[in-house]
Amino acid sequence: MSTTAPQVAPFTFRPLDPLKDAELLHGWVTHPKAAFWMMQDAKLEDVERAYMEIAADEHHHALLGLDAYGVPVFLMEKYDPAHRELVGLYEPLPGDVGMHFLTPATDTPVHGFTRSVITAVMAHLFEDPAVERVVVEPDVSNKAVHALNEAVGFVPEREIQKPEKMALLSFCTRERFLAATKTATKTTAVPA
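Given the structure is predicted, the values throughout are model-derived calculations rather than measurements.

Conventions used here
- Residues numbered from 1 in each chain as written.
- Predicted model: local features only at pLDDT ≥ 70, side-chain atom pairs only at ≥ 80, totals over all residues.
- Heavy atoms only, no water.
- Buried < 20%, exposed > 50% of the residue type's maximum accessible area, 1.4 Å probe, protein only.
- Helix = DSSP H or I, 4+ residues; strand = E, 2+ residues; numbered from the N terminus.
- Pairing = 2+ DSSP bridges.
- Expected span 1.5 Å × (residues − 1).
- Arc of directions from axis to C-beta.
- Contact = heavy atoms within 4.5 Å.
- Polar contact = N/O pair within 3.5 Å; in protein donor to acceptor, adjacent residues only side chain to side chain.
- Axes fitted to C-alpha atoms, helices over the stretch in contact; angles between N-to-C directions.
- Parallel < 35°, antiparallel > 145°, perpendicular 65-115°, else oblique.
- Left-handed = near helix turned anticlockwise from the far one by under 90°.
- Phe/Tyr/Trp six-rings, centres within 6.5 Å; stacked < 30°, edge-to-face > 60°.
- Lys NZ or Arg CZ within 6 Å of the ring centre and 35° of its normal.

**Thoughts on the pairing of strand β2 (residues 60-66)**
- The element β2 is largely enclosed, with a buried count of six among its seven residues.
- One ladder, built from four bridges, connects strand β1 (residues 12-15) with β2; its direction is antiparallel. If you follow Arg 14 over to β2, its bridge partner there is Leu 64.
- As defined by bridge partners, β2 adjoins strand β3 (residues 72-79) across seven bridges and the pair is classed as antiparallel. Residue pairing for β3: Leu 63 is matched across the bridge by Met 76.
- Linking β2 to β3, which pair antiparallel, is a turn of five residues; within it Gly 70 sits at a positive phi near 85°.

This is how it looks when you write it as structure tokens:
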């Protein structure tokens, strides 16, 4: 099996700055489209505080995904599930990393954008050779993200009760990601 990364949009990543990026994030996380982010009623200060806590946490990191022009176009978070989000809800393995991502609402949606984002996020996570498996825990009713997760190789394991939601615990190994995105690359026509 080839270990080459799948072809993804030219996104780059930078650490989120909780103060400088708070206004941008506030618009993203409070939009009705971001209901599953559970920050609908957050004030700007709430967003600053939440991301300052993440910035100070050695087990949780927030990054902005930038387009080819350096403009922030999505948010990703990665966390250590042995210490955050899933503590006591499953038995973490060495090499597990948890992930969240958010694409902001737009008046001009681009077909395939969100799939490109999740593919780029997964490729970024697997750039770290220590990462063996990505863990996600989306709301069980978030059918759109379940389909995206499946498209990049996630396999649901079981429903779990988190304090804030009933979640679908799912896993994606490096091998499943490469196989899923290799198949997608073969079946997706790319304009010249």
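**Digging into helix α2 (residues 44-55)**
- Across its twelve residues, α2 extends 16 Å between first and last C-alpha, which sits within 8% of the 16 Å expected from 1.5 Å per residue.
- Looking only at α2, the buried set comprises Val 47, Tyr 51 and Ile 54. When α2 is viewed along its axis, its buried side chains cluster within an angular range of 45° and face the same direction.
- Among the structural elements, α1 (22-29), β2 and β3 are those in contact with the buried residues of α2.

**Notes on the pairing of β3**
- Taking burial as the measure, the eight residues of β3 include six buried ones, the bulk of the element.
- Where β3 and strand β4 (residues 96-102) come together, five bridges link them in antiparallel fashion. Pairing of Lys 78 across the sheet is with Met 99, part of β4.

**Topic: the environment of Ile 54**
- Within the element layout of this structure, Ile 54 appears in helix α2.
- Taking C-alpha positions, Ile 54 is 23 Å from Gln 161, a pair spaced 107 residues apart along the chain.
- Other than its neighbours up to four places away in sequence, Ile 54 contacts His 60, His 61, Ala 62 and Glu 77.

**Observations concerning the side chain of His 60**
- By the element assignment, His 60 lies in strand β2.
- Overall, His 60 belongs to the buried group, its relative accessible area being 9%.
- Side chain to side chain, His 60 and Glu 77 meet in a polar contact 2.8 Å long.
- Beyond its immediate stretch of four places on either side in the chain, His 60 contacts Ile 54, Glu 77, Lys 78, Tyr 79 and Glu 85.

**Quick word on helix α3 (residues 113-126)**
- Counted at 1.5 Å a residue, the expected span for α3 with its 14 residues is 20 Å, and the 20 Å between its end C-alpha atoms agrees.
- Inspection of α3 places Val 117, Ile 118, Thr 119, Ala 120, Val 121, Met 122, Ala 123, Leu 125 and Phe 126 among the buried residues, and these make up the whole buried set.

**Examining the packing of α3 against helix α4 (residues 143-151)**
- Direction vectors running N to C along α3 and α4 enclose 55°, while the axes themselves pass 10 Å from each other. One element, α3, and the other, α4, form an angle in the oblique class. Helix-helix and strand crossings are classified by hand; for α3 and α4 the assignment is right-handed. Facing Thr 114, Arg 115 and Ile 118 of α3, the residues of α4 in contact are Leu 148, Asn 149 and Ala 151.

**Quick notes on the environment of Leu 25**
- Relative to the elements of secondary structure, Leu 25 occurs in helix α1.
- Looking at Leu 25, the relative accessible area reads 0%, which means it is buried.
- Here the alpha-carbon distance between Leu 25 and Pro 94, two residues 69 residues apart in the chain, equals 32 Å.

**Here's the deal with the packing of aromatic side chains**
- Counting across every chain of the model gives five aromatic pairs.
- Judged by centre distance (5.9 Å) and plane angle (85°), the ring pair of Phe 11 and Phe 113 falls under edge-to-face. In this pair, Phe 11 is assigned in the segment before β1 and Phe 113 in helix α3, connecting sequence segments 102 residues apart.
- Put simply, the rings of Phe 11, Phe 13, Phe 74 and Phe 113 touch in pairs and so form one group of aromatic residues.
- One Lys or Arg, Arg 133, reaches over the ring of Phe 171 and ends 3.9 Å from the middle of that ring.

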